[in-house]
Amino acid sequence: MAKLLYERPLITPLNTGMTNKFGTRTEYRPMTHIDHVAVKDLLQEFGSPLFVFSERQIRNNYQSAKRAFETRYPKVQFAWSYKTNYLDAICNIFHQKGSWGEVVSGFEYKKALKNGVPGDKILFNGPDKTNEDLKMAIENNSPIHIDHLDELYRLTEMARELNKKPRVAIRVNMDTGIYPMWDRFGFNYENGQAWDAVNKILSNDVLDLIGLHCHIGTFMLAPSAYGIAASKMSELALSIKRQHGKVIEYIDMGGGFASKNTLKGAYLIGADTVPEISEFAEAITSAILNAGFDKDELPYLYLETGRALVDDAGFLLGSVISNKRLSDGRRATILDFGVNNLFTSFWYDHKVSPAQEFGMHTENSVLYGPLCMNIDVVRENVSLPPLNAGDQLVVHHVGAYNFTQSMQFITLRPAVVLIDMKDETHLVRVREDNDSVQRYEQVPEYLKPFKL
Amino acid sequence: MKVKKNVALSDSGFLFNPSSGESYSVNPIGQEIIKMLNEESSEEEIIATLLEKYNVERDTLEKDIRDFFGMLELYGVVKPEEA
Amino acid sequence: MSDKPKYTIAVTGLNAIDSPGPGIAVIKSLKEAQSFDVRIIGLSYENLEPGVFMRHYVDKSYQVPFPGAGMEVLFERLAYINHIEQIDFLFPNFDAELFNYIKLQDRLSQELQIEMVLPTLEQFEARHKVNLYEYGQKYDIKVPRSEMVFTEADLSATAKEMGFPAVIKGKFYDAYVAYTPDQALNYFHKISSKWGLPIIVQQYVYGTEVNVCGVGDGHGVTIGAVPMRKLYITDKGKAWAGVSIDDEELLEGTNKMVERTKWRGPFELEYMKTSEGDYYLLEINPRFPAWCYLTTGAGQNQVEDLVNIGMGKKVEPKKEFAAGKMFVRYSEDMIVDLEEFEKISTVGEL
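Just so it is clear, the model here is predicted, and its values are computed rather than measured. (Residues numbered from 1 in each chain as written. Chains lettered and ligands numbered in written order. Predicted model: local features only at pLDDT ≥ 70, side-chain atom pairs only at ≥ 80, totals over all residues. Heavy atoms only, no water.)

**Quick look at the interface of chain C and chain B**
Listed by partner, the interface residues are five residues for chain C and five residues for chain B. In total, about 440 Å² of surface goes out of reach between chain C and chain B, with carbon and sulfur atoms giving 78% of it. In terms of surface lost to chain B, no three residues of chain C exceed C:Leu338, C:Glu342 and C:Thr346, which account for 82% of the buried area on that side. The tally of links between chain C and chain B comes to zero salt bridges. Applying the counting rule to chain C against chain B returns two residue pairs in polar contact (both at pLDDT 80 or more). (Contact = heavy atoms within 4.5 Å. Buried area = accessible area lost by both parts, 1.4 Å probe. Salt bridge = Lys/Arg side-chain N within 4 Å of Asp/Glu carboxyl O. Polar contact = N/O pair within 3.5 Å; in protein donor to acceptor, adjacent residues only side chain to side chain.)

**Observations regarding the nonpolar core**
Residue and element names in this part refer to chain A. Core analysis: the biggest nonpolar cluster contains 96 residues, and Phe-69, Ile-170, Met-253 and Ile-284 have the highest contact counts within it. The element best represented in this core is helix H8 (residues 223–244), accounting for nine residues. The residues that make up this core include at least three from each of domain 1 (33–53 + 312–434) and domain 2 (55–310). Not counting chain neighbours up to four residues away, the residues in contact with Met-253 comprise Cys-214, His-215, Tyr-226, Ala-229, Ala-230, Met-233, Ile-284, Leu-301, Tyr-302 and Leu-303. (Core = buried A, V, L, I, M, F, W, Y, C linked by side-chain atoms within 4.5 Å. Buried < 20%, exposed > 50% of the residue type's maximum accessible area, 1.4 Å probe, protein only. Helix = DSSP H or I, 4+ residues; strand = E, 2+ residues; numbered from the N terminus. Domains from an automatic or database assignment.)

**Some points on the environment of C:Pro181**
Tracing the backbone shows C:Pro181 in helix H8 (residues 181–195). Linking C:Pro181 and C:Glu268, residues 87 residues apart in sequence, is a C-alpha distance of 32 Å.

**Considerations on the sheet that holds strand S4 (residues 89–91) of chain C**
Residues and elements named next belong to chain C. As summarised here, the arrangement of the four strands in space is S3-S2-S1-S4, forming an open sheet in which the pairing is parallel. In this open sheet, the two edge strands, each paired with only one partner strand, are strand S3 (60–63) and S4. Going across the sheet, the axis of each strand differs from the next one's by a mean of 25°, ignoring polarity. With six bridges connecting them, strand S1 (residues 6–11) and strand S2 (residues 37–44) associate as parallel partners. Residue pairing in the sheet places Lys-6 in a bridge with Asp-37 of S2. Sheet strands touched by helix H11 (residues 302–310): S1 and S4. Its angle to S4, the strand with the most contacts, is close to 135°. (Pairing = 2+ DSSP bridges. Axes fitted to C-alpha atoms, helices over the stretch in contact; angles between N-to-C directions.)

**Brief notes about the domain arrangement of chain A**
Residues and elements named next belong to chain A. Structurally, chain A comprises domain 1 (33–53 + 312–434) and domain 2 (55–310). A separation of 33 Å is found between the C-alpha centroids of domain 1 and domain 2. On the side of domain 2, 25 residues touch domain 1, which itself brings 28 residues to the contact. Of the roughly 2,400 Å² buried between domain 1 and domain 2 on both sides combined, carbon and sulfur atoms contribute 54%. Contact with domain 2 buries area across many residues of domain 1, yet Tyr-348, Tyr-401 and Met-421 alone supply 27% of it, more than any other trio. Where domain 1 touches domain 2, the interface holds four salt bridges. Residues Asp-349 and Lys-264 are paired through a salt bridge, measuring 3.9 Å at the closest nitrogen-oxygen approach. The set of elements that each furnish at least two residues to the side of domain 1 that touches domain 2 consists of helix H12 (402–405), strand S21 (415–419) and strand S22 (425–429). At three residues, S21 tops the list of elements feeding residues into the side of domain 1 that touches domain 2. Residues of the side of domain 1 that touches domain 2, tallied by class, amount to 13 nonpolar, eight polar and seven charged. (Nonpolar A, V, L, I, M, F, W, Y, C, P; charged D, E, K, R; others polar.)

**Some remarks on helix H6 (residues 149–162) of chain A**
Residue and element names in this part refer to chain A. Relative to the 20 Å expected for 14 residues at 1.5 Å per residue, H6 spans 20 Å between its end C-alpha atoms, a close match to the ideal helical length. Turning to H6, its buried residues number three or more, namely Glu-151, Leu-152, Leu-155, Thr-156, Met-158 and Ala-159. Buried residues belonging to H6 abut helix H5 (131–139), strand S9 (144–146), strand S10 (167–173) and helix H7 (193–204). Asn-163 sits one or two residues past H6 and shows a positive phi near 55°. (Expected span 1.5 Å × (residues − 1).)

**Details of the environment of A:Leu202**
Residues and elements named next belong to chain A. Mapped onto the elements of the fold, Leu-202 is located in helix H7. Once the C-alpha coordinates of Leu-202 and Ile-284 are considered, the two residues, 82 residues apart in sequence, prove to be 27 Å apart. With residues up to four places along the chain from it excluded, the contact list for Leu-202 reads Leu-209, Ile-240, His-244 and Lys-246.

**A closer look at helix H7 (residues 152–162) of chain C**
Residues and elements named next belong to chain C. Residues Leu-155, Thr-158, Ala-159 and Met-162 constitute the buried set of H7. What you see down the axis of H7 is that its buried residues fit within an arc of 95°, all on one side. Turned more than 90 degrees off the buried face of H7, the exposed positions are Ala-153, Lys-160 and Glu-161. Buried positions along H7 lie against strand S5 (146–149), strand S6 (166–169), H8 and strand S8 (199–203). (Arc of directions from axis to C-beta.)

**Describing the interface of chain B and chain A**
Contacts between the two partners involve 28 residues from chain B, matched on the other side by 20 residues from chain A. Between chain B and chain A, a total of about 2,100 Å² is buried, with carbon and sulfur atoms accounting for 59% of that surface. Broken down residue by residue, the surface that chain B buries against chain A is led by B:Ser25, B:Asn27 and B:Asp64, which jointly contribute 24%. Applying the counting rule to chain B against chain A returns two salt bridges. Of the charged contacts in the structure, one is a salt bridge between A:Arg325 and B:Asp67, with a shortest N-O distance of 2.7 Å. On the surface where chain B and chain A come into contact, there are 11 residue pairs in polar contact (both at pLDDT 80 or more). When contributions to the side of chain B that touches chain A are tallied by element, the ones reaching two or more residues are strand S4 (22–26), helix H1 (28–38), helix H2 (43–53), strand S5 (54–55) and helix H3 (58–74) of chain B.

**Some details on the domain arrangement of chain C**
For chain C, the assigned domains are domain 1 (6–116 + 333–346), domain 2 (123–127 + 206–328) and domain 3 (146–200). The gap between the C-alpha centroids of domain 1 of chain C and domain 3 of chain C is 37 Å.

**Topic: the pairing of S22(A)**
Side-chain positions along a regular strand alternate between the two faces of the sheet. All names here are of chain A. Across four bridges, the pairing between S21 and S22 is antiparallel. By the bridge assignment for S22, Val-417 is matched with Leu-427. Between the antiparallel neighbours S21 and S22 lie five residues, among them Asp-423 with a positive phi of about 65°.

**Thoughts on the packing of aromatic side chains**
Scanning all chains against the criterion turns up 31 aromatic pairs over all chains. For the pair A:Phe69 and A:Phe78, a centre-to-centre distance of 6.0 Å together with 80° between the ring planes defines the contact as edge-to-face. The class of A:Phe69 is buried, set by a relative accessible area of 0%. Ring centres of C:Tyr135 and C:Tyr139 lie 5.0 Å apart, and the angle between their planes is 70°; on these two criteria the pair is classed as edge-to-face. Placement of both C:Tyr135 and C:Tyr139 in helix H6 (residues 132–139) is noted, with a separation of four residues, approximately one turn of the helix. Neither C:Tyr135 nor C:Tyr139 differs from the other in exposure class; each is buried. Three or more aromatic residues link up through ring pairs in this structure, and these residues are A:Tyr62, A:Phe69, A:Phe78, A:Trp80, A:Phe94, A:Tyr226, A:Phe257 and A:Phe280. Residue placement shows A:Lys129 over the ring face of A:Phe124; its charged tip is 5.8 Å from the ring centre. (Phe/Tyr/Trp six-rings, centres within 6.5 Å; stacked < 30°, edge-to-face > 60°. Lys NZ or Arg CZ within 6 Å of the ring centre and 35° of its normal.)

Structure (structure tokens):
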């Protein structure tokens with residue numbers, strides 16, 4: 001006779017306030033497959049832990065975002081935010097769909113160039129652009145988004161030396177009624193800094209001011225804030241036309257749309273409360289359309305949406321190393337991935353599902369990562385079926401920032417697999433080995449010998 | 001290890017401890033263990049029975065049963081082992 | 001022979017404890033409805049909500065998932081319950097669950113034929129504490145001045161400008177009256193550590209608290225409205241006794257609010273009446289209050305009207321009600337068998 005599926009024996013107190021299995025936020029529903037590929041097979045073939053991306057989900061996300069904006073506005077261009085996820089395979093999916101590149105460092109700039117993005121379709125943002133970076137961007141005719149006055153002066157000087165007219169935009173920050181206000185990047189709108197920067201650029205005719213850029217914050221839940229931002233950007237563009245006769249070619253609204261993750265401390269889950277892309281699209285496009293542009297001078301709308309397009313296409317797969325009882329009676333489950341791979345668990349309550357079937361009984365557990373560090377907590381409290389060593393888990397919505405922010409602290413970084421439109425798997429980044437870290441180290445000769 | 005005399009366990013897995021007034025929910029395998037304890041089975045007998053029935057390694061089962069016994073003691077469902 | 005329809009109506013908020021949810025009050029009004037008969041389905045979050053065990057009011061109870069479990073899980077649970085009970089109408093009674101129910105309204109109606117009469121999401125969000133001051137300005141309703149603050153510096157500047165005493169409020173819950181800047185700072189930290197930022201600083205208005213319970217039809221017509229003055233307040237600030245009052249100005253203000261905002265569904269307006277006779281709107285609750293049975297006692301069964309609106313019946317606005325009707329709340333110990341507690345706890349149904 002075949003033996004029955006084992007489940008750890010459990011006894012849980014009933015009347016301690018808020019417990020009922022029909023009630024608590026439980027994530028016991030298993031996720032056995034991603035697209036049509038079994039989690040078990042993925043981990044078997046590529047090892048645990050493992051990042052997995054669904055190409056189907058990425059393409060769907062892009063398509064619906066594009067539709068949301070293009071049905072409302074005639075001139076829309078997306079630029080893929082490299083820092084959100086700069087795995088080349090992921091970037092190229094976006095480039096295949098028509099997305100330009102948006103970068104914030106020389107490193108990312110070179111990555112985009114190498115991926116084959118034409119220089120004039122790479123938007124160069126960020127406060128740290130070295131002279132070498134700027135020279136590269138000038139020569140490739142990339143739109144350079146100026147962050148501060150020092151950069152403006154430096155760029156002006158370089159343009160004179162190189163005898164070129166770089167295409168530039170200025171980054172504008174402003175009060176959109178949200179908190180915190182991101183005023184550390186760019187020139188402030190309300191206090192006149194932005195207007196001052198515009199005047200400086202247009203008065204010396206060394207730089208070609210073609211655009212205005214803003215990025216009002218991250219994980220934004222209020223479409224109305226984008227409406228305010230788009231109005232102020234439009235107003236600035238119109239003033240430039242009025243005072244200087246210069247037509248601004250594009251308004252870049254940056255990114256920051258929230259994904260469907262649940263922020264720590266939120267009462268309702270992100271999947272229910274996060275606005276749809278169409279709500280952001282409606283706020284932005286109606287503000288620009290109503291601003292009073294001449295019909296033939298309507299600016300292009302650039303969008304640097306990252307998180308909302310890729311977060312739900314990424315999964316982190318892993319395994320249970322052990323479970324134990326803490327001294328206060330709480331259950332603890334130790335996993336083979338932690339904050340080294342899942343940086344965003346510092347601010348999200350990531351949804352975690354088991355990858356195999358269980359009964360209806362659940363228990364609360366804290367999920368710890370494998371690092372020998374107290375900060376390594378994946379979830380402080382989650383209701384899951386009784387997991388045993390070797391059981392497998394799926395963490396949802398990890399496509400944005402996690403791979404780019406993952407690190408080799410204590411252990412190496414996992415492999416990354418892409419599941420294509422036909423449900424075939426492709427290894428897009430191999431699992432790291434010791435050489436990945438140690439090849440860059442040098443030990444002085446005199447430190448090499450020792451006896452123990 | 002003995003379950004306290006007046007502890008009531010129903011088929012739905014609802015366990016009531018009349019001496020403390022606390023109620024608990026017990027999953028099916030937990031119920032089996034409590035029933036075996038009621039029948040005065042030894043730890044070794046319980047382990048043997050469950051190993052026969054479920055697809056589980058002995059090490060895992062032993063560890064989980066120890067933990068379960070610990071919780072039964074913590075919740076006052078069983079009489080502490082006599083020295 | 002009765003030709004009245006019999007409706008199966010699901011009700012949440014069965015926590016008839018010392019700071020009660022409105023569920024039982026709603027059910028009492030439903031039981032007294034003239035135009036239909038009812039079978040009551042209780043929806044509970046916890047296994048000790050007293051309503052679950054009040055078998056003379058609640059025919060059958062089911063546990064439902066907490067709002068934080070998400071809409072999908074809630075929908076599935078309601079689909080399961082509906083499959084057994086064929087629910088006609090549903091009363092969500094908690095603020096915290098309304099967001100999900102408002103978003104599920106169309107699906108519940110189209111896929112499960114469960115009707116509800118709720119405010120729109122815009123109405124629900126706009127009357128939120130954080131937005132109430134703007135709301136008042138937009139609809140020309142007097143609201144105590146309030147400002148959102150994010151930092152200590154903002155707090156002291158704002159409180160100083162408004163003057164003391166000032167009310168320091170959390171985004172969701174908690175409110176304290178601060179008489180000095182030190183107290184304000186103290187409450188700021190106390191509340192923000194619990195409910196996060198922003199903190200709301202509100203002008204303190206002296207006076208008598210008066211509330212209105214009513215229903216709007218969604219087209220600007222007030223279907224019913226009864227004002228009540230609290231007579232006795234518990235240490236938790238809840239009314240333990242109150243009396244219906246015929247305050248024309250209050251009724252006028254209510255009609256104005258409903259007309260301008262096109263409010264849809266039940267509401268409770270909390271006003272402060274100053275010694276000068278000015279009415280300040282303190283809060284709009286987008287649901288029936290726990291004292292709503294008083295409106296039935298005073299001659300307006302607003303709960304019955306709401307069901308009839310939801311069932312597509314024509315409902316005439318009611319203006320008349322008896323002033324001077326009182327409610328006095330009491331609590332009662334029920335004797336419950338452990339088996340009943342076991343059932344709701346283990347199978348989630350009773």
